[in-house]
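# Coordinate inspection notes
The chain contents come next:
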Amino acid sequence: MKNSNYKVHFFPVDVTVEIEQGKTILDAAYKGDIFVNALCGGDGTCGKCKVIHGSGMIESMPTTHVSVSEAQKGYVLACSTKVMGDLEVIIPEESKLDKSQILVGNFPQFSGSLAAATAKTKHFKQDPLVNKIYLELPQPSLDDSVADYERLCQGIMVKTGIPLEKLTANISVLKHLPKLLRESKWMVTVTLGHHHSFVEILEVQLGDVSANNYGVAVDVGTTTVVAHLLDLSKSETVDIEATYNSQIKYGDDYIQRIIYAEQNDAMEVMQEGIAEDINQLISTLIKRNNLSIHDVNAVVCAGNTVMTHFLLGLDPTNIRKEPYLSSANLVPPMRASEVGIKINNHGLLYTLPCVGAYVGGDISSGVLAVRQDEAEVLSLLIDIGTNGEIVLGSKDWMMCCSASAGPSFEGSGISCGMRAAKGAIEKVGITSTFDVICKTIGNAPASGICGSGLLDCLANLVRSGVIDRTGNFQKGINTERLRKTDNGYEFVLVSKDKTSTKRDVVITQADIQNIIRSKAAIYSGISTLVESMGMGMNDIEQLFLAGGFGNYLDIRSAITIGMLPDVPVTKVQFVGNSSVIGAKMCLFSKDAYEIAGKIASKMTYFDLMSNNKYMEEYVSANFLPHTAIEKFPSVAEELRVRS
Ligand code: FES
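Let me sum up the structure you'll find in this document. (Residues numbered from 1 in each chain as written. Predicted model: local features only at pLDDT ≥ 70, side-chain atom pairs only at ≥ 80, totals over all residues. Heavy atoms only, no water.)

### Quick look at unusual backbone geometry
Following E322, the chain continues to P323 via a peptide bond in cis, the omega torsion being 0°. Note that the residue after L624, namely P625, is joined by a cis bond; omega there is -5°. Structurally, the position occupied by P625 is in the loop between helix 15 (612-620) and helix 16 (633-642). Although it is not a glycine, K185 adopts a positive phi angle of roughly 55°. Along the chain, the position of K185 falls in the loop between helix 5 (171-183) and strand 10 (187-194). With phi around 70°, F434 is a residue other than glycine that occupies positive phi space. Within the secondary structure layout, F434 lies in the loop between strand 21 (424-430) and strand 22 (436-440). (Helix = DSSP H or I, 4+ residues; strand = E, 2+ residues; numbered from the N terminus.)

Right, here's the structure in full:
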């Protein structure tokens, strides 16, 4: 029997979606392009996708994530509730994933990256991957009977120094050339696209339009996609735009998405989804800046290995199966149109090279951004997302690994966790009388706590004696903020009368253990890598911390909880979105792009999971800051002083 279709009307967005009976409310939201917070990708485990059922027939799975009082008010999990009739559904503030909440304005992750990219790019010759040059060619005569294409190539060689044998062109360029050269009176603009070993004449245009040359650098993240529009003729950043990765609906982490694609024969869907996200960003950027698609001649994408595979339509299946292989790590430039990216028809797509299955182009890009590959001293780059990718090295060698930190720093698995967005607590102070001072992103009423807030919260809980070094609450302390619930102890950070959700923002015992496990994975990855090279933490001269931690990250707190090694704070530098910085550097300079390839080839991948030392280190790091406190002398001093 064929299922009926029903209408689901979502408030306050005022969107109606028609969907088959038996599909979930979350399916309906995604169909209507409505982003609901679904950190576990619809597994029913994160409890973040709560919506209010207004009217109509539903069928809900039992869940512990909805309390009795919430259920009485109509709260259900969108992912575990089937549509069985026409419905009205309200999406409460805390469950919304509003694109406008992705912070791109005064967020150092992005604004800082502009300055950083500009500064670092100065190390390279300003010579974009796709370049436009204006030529005034000598007119042919009986004494000068060089053919049109050869005449053009000679003009290019004279102007740029590119040898003739390195120049090539597509037949479509050759077909149009005779008419165009004569119409233009031999004054033309040539668009040149850099491939590794040759230069392609992408387009020839009438007259001088050499100033009209734009490119887009894209960080293709598992959660968000960030695009920077660049004026390649002036080496300037024009504008920035960001969105959520629409693949979120198929799983929060990339392994879930590979499994989804395999089980649902949906590789094409994944490819089209990510290409469409990039297209929408480009479309917004060009409209806002009164440009046309024709003005954009290149896109450089930096993403982890799985996102790069999905974007290129490569099968990522073997990435999650032993021996964990990518389909390709170094992919040559191609026409952007080949993967459905809408720029100038001749425009090129460059993807930054991956190192292997778990260290992708975003990390090659990050290493390029901080120029770790040319450092005289030993440095460490840590990029923290769902995985913590770690690169140790200098100009002579580089080792990298990927530690499975889990998504708790992005708010998943944390009772009041959320991504770094407006209303997220990003800084927490606890006084000696257990009063709590919280700072939220955008100074908005608190709606949850993001990664930087969680780190700061944990550090201050242990400093103030609310928890001990195992992470357990000290039951004897004198404060009403610590209370017992059916699910164990929790500590109230912000009471419900001051939150946007009208529910207390708390940190529970289970949350604390989750964060400790995540930070332990990062620290043990660092220490295993450092020790495997016969070195100690004191040998690290510079530590770069990248990732989407919001606009505040207290480095000292990250050391106090033992996520980062006990090095002087002055050695640590927060570099924000290093992935997009590196992509921009490549667009501005083909030398930088060539170096990104060398960086990926130079890095040696170190497999943590097959390493016994890593497992031992991980167990020891499940403590605050570590079972071996002597590894953290400044933290030992700090906690002793305050106890
Ligand atoms: Fe519904 Fe996680 S519980 S998406």
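The structure having been displayed, the exposition proceeds.
### Considerations on the pattern of salt bridges
Tallied over the entire structure, the rule returns 24 salt bridges. The partner of D127 in a salt bridge is K590, and the shortest N-O contact between them spans 2.4 Å. Residue D127 is found in the loop between helix 3 (108-121) and strand 8 (130-136), and its partner K590 is found in helix 14 (residues 590-602); the two are separated by 463 residues along the sequence. Assessed through its relative accessible area of 12%, D127 is described here as buried. With a shortest N-O distance of 3.3 Å, K631 and E617 are connected by a salt bridge. One end of the pair, K631, is in the loop between helix 15 and helix 16; the other, E617, is in helix 15, and 14 residues separate them in sequence. (Salt bridge = Lys/Arg side-chain N within 4 Å of Asp/Glu carboxyl O. Buried < 20%, exposed > 50% of the residue type's maximum accessible area, 1.4 Å probe, protein only.)

### A short note on helix 8 (residues 305-312)
A large share of helix 8 lies buried, amounting to 8 of its 8 residues. When helix 8 is considered as a whole, its buried residues turn out to be T305, V306, M307, T308, H309, F310, L311 and L312. Buried residues along helix 8 sit against strand 12 (214-220), helix 6 (254-263), helix 7 (267-288), strand 15 (296-303), strand 16 (334-335) and strand 17 (348-351). Among the residues trailing helix 8, G313 stands out with phi positive, at a value near 75°. (Contact = heavy atoms within 4.5 Å.)

### Structural notes on the sheet that holds strand 9 (residues 167-169)
With mixed pairing, the 4 strands of this open sheet are ordered in space as 8-10-11-9. Every interior strand has two partners, whereas the edge strands, strand 8 and strand 9, have only one. Sheet twist, expressed as the average angle between the axes of neighbouring strands with direction ignored, equals 40°. Note: strand 10 against strand 11 (residues 199-206), 7 bridges, orientation antiparallel. Note on strand 11: the bridge partner recorded for L192 is I201. (Pairing = 2+ DSSP bridges. Axes fitted to C-alpha atoms, helices over the stretch in contact; angles between N-to-C directions.)

### Topic: the pairing of strand 17
By the alternation rule, side chains of strand 17 split into L348 and Y350 and L349 and T351, which are all buried. As paired elements, strand 15 and strand 17 share 4 bridges and run parallel to each other. Directly across from V299, in strand 17, lies its bridge partner L349. In this structure, strand 16 lies alongside strand 17, joined through 2 bridges in antiparallel fashion. Residue pairing across strands places M334 opposite L349, the latter belonging to strand 17.

### Observations concerning the sheet that holds strand 1 (residues 5-11)
With respect to topology, 5 strands assemble into an open sheet ordered 2-1-7-3-5, the strand pairing being mixed. The two strands at the open ends of the sheet, each matched to only one other strand, are strand 2 (15-20) and strand 5 (75-77). Strand-to-strand twist across the sheet, computed as the mean angle between neighbouring axes with direction ignored, equals 40°. The sheet contact formed by strand 1 and strand 2 spans 6 bridges and is antiparallel. Bridge pairing in strand 2 links N5 to E20.

### Re the packing of aromatic side chains
Two descriptors summarise a pair of aromatic rings, namely the distance from one centre to the other and the angle between the planes of the rings. Counted according to the given criterion, the structure contains 4 aromatic pairs. Across from the ring centre of Y489, 5.0 Å away, lies the NZ or CZ of K475, which sits over that ring. Stacked on the ring of Y75, the Lys or Arg R503 has its end atom at 5.6 Å from the ring centre. (Phe/Tyr/Trp six-rings, centres within 6.5 Å; stacked < 30°, edge-to-face > 60°. Lys NZ or Arg CZ within 6 Å of the ring centre and 35° of its normal.)

### Focus: the environment of I363
Looking at the element boundaries, I363 is found in helix 9 (residues 361-370). Classification of I363 as buried rests on a relative accessible area of 1%. Measuring from C-alpha to C-alpha, the distance between I363 and A546 comes to 9.8 Å, with 183 residues separating the pair along the chain. Ignoring sequence-local partners within four residues, the contact set of I363 consists of L381, D383, E389 and V391.

### Overview of the environment of G471
Note that G471 resides in the loop between helix 10 (451-463) and strand 24 (482-485). Classification of G471 by relative accessible area gives buried; the value is 0%. G471 sits 90 residues away from I561 along the chain, and the two C-alpha atoms are 9.9 Å apart. Sequence-distant contacts of G471, defined by excluding residues within four places in its chain, comprise Q509, I512, Q513, I516 and L624.

### So, the side chain of N611
Relative to the assigned elements, N611 resides in the loop between strand 29 (603-605) and helix 15. At a separation of 3.1 Å, a polar atom in the side chain of N611 contacts the main-chain amide nitrogen of Y614. (Polar contact = N/O pair within 3.5 Å; in protein donor to acceptor, adjacent residues only side chain to side chain.)

### A short note on the side chain of D127
Polar side-chain contacts of D127 include one of 2.4 Å to the side chain of K590. When sequence neighbours within four positions are dropped, the list of residues in contact with D127 reads F588, S589 and K590.

These results come straight from atomic positions and should not be treated as a statement about function.
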